[in-house]
Amino acid sequence: MTETHLERTLRCAPGFRIRGVLGKGGMGLVYDAVHDDTGASCALKVVRAGPRGMERFHREVRSLVEIRHPNVVDLWAWGSDDAIGWLAMERAEGTVMDRVRDGGPLPARIALRIAMSAARAARAIHAAGYVHRDLKLSNLLIFGSVVKVADFGVVRCDDSSFTKEGTRIGSRGFMAPEQALSATTVGPEADVYALGACTYAMLTGKSPVGLERLESDHPRWLRVEHGPLRRLLHACLRPSPGARPRLSSFLAGIGASVRAA
């Protein structure tokens, strides 16, 4: 009898009780699990076998070990065999995407505080020599009043060579234009683009797809009522990476908007 994915997971990662599936992705599954010894709930991410899958797994582990920050999800344990890799992480209440999908636009003060949290996480990620490359609302996890960035499966390090030339890495609407051409050359500016797109989506409840082609006085942009904030987000989504504000400027602009809200 062929061993199932769940059976292989439990054999490779003993000591966990699986309660269900939290999500599915191109590289594997995320289980809702409980640690037998402590009773702690966790998210058990399991990456399927294959050279590229395992390379991404080891890169995600390395990045989460190196990047310790209050706004980055905590990695509790990890392991692998010749077929799968697994990571046990703290279990979130949900995602910012869940909140927007279920309730529409977030109140400005809440949306801006989430943007600040995500930007602070990005600052720590960049300081460690990484680019996240997939910041989006579904990768912003909610833990009470705290929001943390998750899913480092496509993170890029300064010494990274695992992404093939021309490969598209990212999610439509939140992915910077240069990522559609080559994910191997993207820098921190790509994360600034994604932060601008996330903030727009939280404030308006609308998709950011195509915003980079529109002027700041377009009706879609005018949904962001606060002028200085609208101009900041519009600048973040400029097609040219060099024309976007630095992350420090984004943080300063969001902070000023929080005070004005």
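Now for a quick tour of the structure.

Basis of the calculations
Residues numbered from 1 in each chain as written. Predicted model: local features only at pLDDT ≥ 70, side-chain atom pairs only at ≥ 80, totals over all residues. Heavy atoms only, no water. Polar contact = N/O pair within 3.5 Å; in protein donor to acceptor, adjacent residues only side chain to side chain. Helix = DSSP H or I, 4+ residues; strand = E, 2+ residues; numbered from the N terminus. Contact = heavy atoms within 4.5 Å. Axes fitted to C-alpha atoms, helices over the stretch in contact; angles between N-to-C directions. Parallel < 35°, antiparallel > 145°, perpendicular 65-115°, else oblique. Left-handed = near helix turned anticlockwise from the far one by under 90°. Salt bridge = Lys/Arg side-chain N within 4 Å of Asp/Glu carboxyl O. Buried < 20%, exposed > 50% of the residue type's maximum accessible area, 1.4 Å probe, protein only. Patch = residues over 30% accessible without salt bridge, like charges linked within 9 Å, V, L, I, M, F, W, Y side chains within 5 Å. Areas by Shrake-Rupley, 256 points an atom, 1.4 Å probe, with all protein chains shown as cover. Lys, Arg positive; Asp, Glu negative; His and termini not counted. Charge placed at Lys NZ, Arg CZ, Asp CG, Glu CD.

**Overview of helix α3 (residues 96-103)**
Helical periodicity: at 3.6 residues per turn, an α-helix aligns residues three or four positions apart in one direction.
Thought 1: Looking at where α3 begins, the residue whose side-chain oxygen comes 3.3 Å from the main-chain nitrogen of methionine 97 is threonine 95.
Thought 2: Glycine 104 lies just past α3 and shows a positive phi near 80°.

**Looking at the environment of proline 239**
Thought 1: Take proline 239: it is sitting in the loop between α7 (227-236) and α8 (247-260).
Thought 2: Each residue touching proline 239, except ones within four places of it in the same chain, is listed here: Pro177, Glu178, Glu212 and Arg244.

**A closer look at the packing of helix α4 (residues 108-127) against helix α6 (residues 188-204)**
Thought 1: Axis separation between α4 and α6 bottoms out at 9 Å; the angle between their running directions is 165°. What the angle tells us is that α4 and α6 run roughly antiparallel. Of the two possible hands of crossing, α4 and α6 adopt the one that is right-handed. From α4, Ala108, Ala111, Leu112, Ile114, Ala115, Ala118, Ala119, Ala122 and His126 reach across to α6, where they touch Pro188, Asp191, Leu195, Thr199, Met202 and Leu203.

**Focus: the pattern of salt bridges**
Thought 1: What the rule picks out here adds up to 11 salt bridges.
Thought 2: A salt bridge links aspartate 151 to lysine 45, with the nearest nitrogen and oxygen atoms 3.3 Å apart. A residue pair is termed long-range when its members are at least 10 positions apart, and aspartate 151 in the loop between β9 (146-149) and β10 (156-157) and lysine 45 in strand β3 (residues 41-47) qualify at 106 residues.
Thought 3: Under the relative-accessibility criterion, aspartate 151 is labelled partly exposed at 30%.
Thought 4: Between glutamate 66 and arginine 62 there is a salt bridge whose closest N-O contact spans 3.3 Å. Note that glutamate 66 and arginine 62 are positioned in helix α2 (residues 51-66) at a spacing of 4 residues, about one turn of the helix.

**Remarks on a positive patch on the surface**
Thought 1: Judged by side-chain charge, Arg109, Arg113, Arg120 and Arg123 come together as a positively charged surface patch.
Thought 2: Within the element layout of this structure, arginine 113 appears in helix α4.
Thought 3: You can call arginine 113 partly exposed: its relative accessible area is 48%.

**Examining the environment of valine 209**
Thought 1: Relative to the helices and strands, valine 209 resides in the loop between α6 and α7.
Thought 2: Placed 37 residues apart in sequence, valine 209 and arginine 172 show a C-alpha to C-alpha distance of 6.8 Å.
Thought 3: Here valine 209 is in contact with Arg172, Gly173 and Arg220, once residues within four sequence places are set aside.

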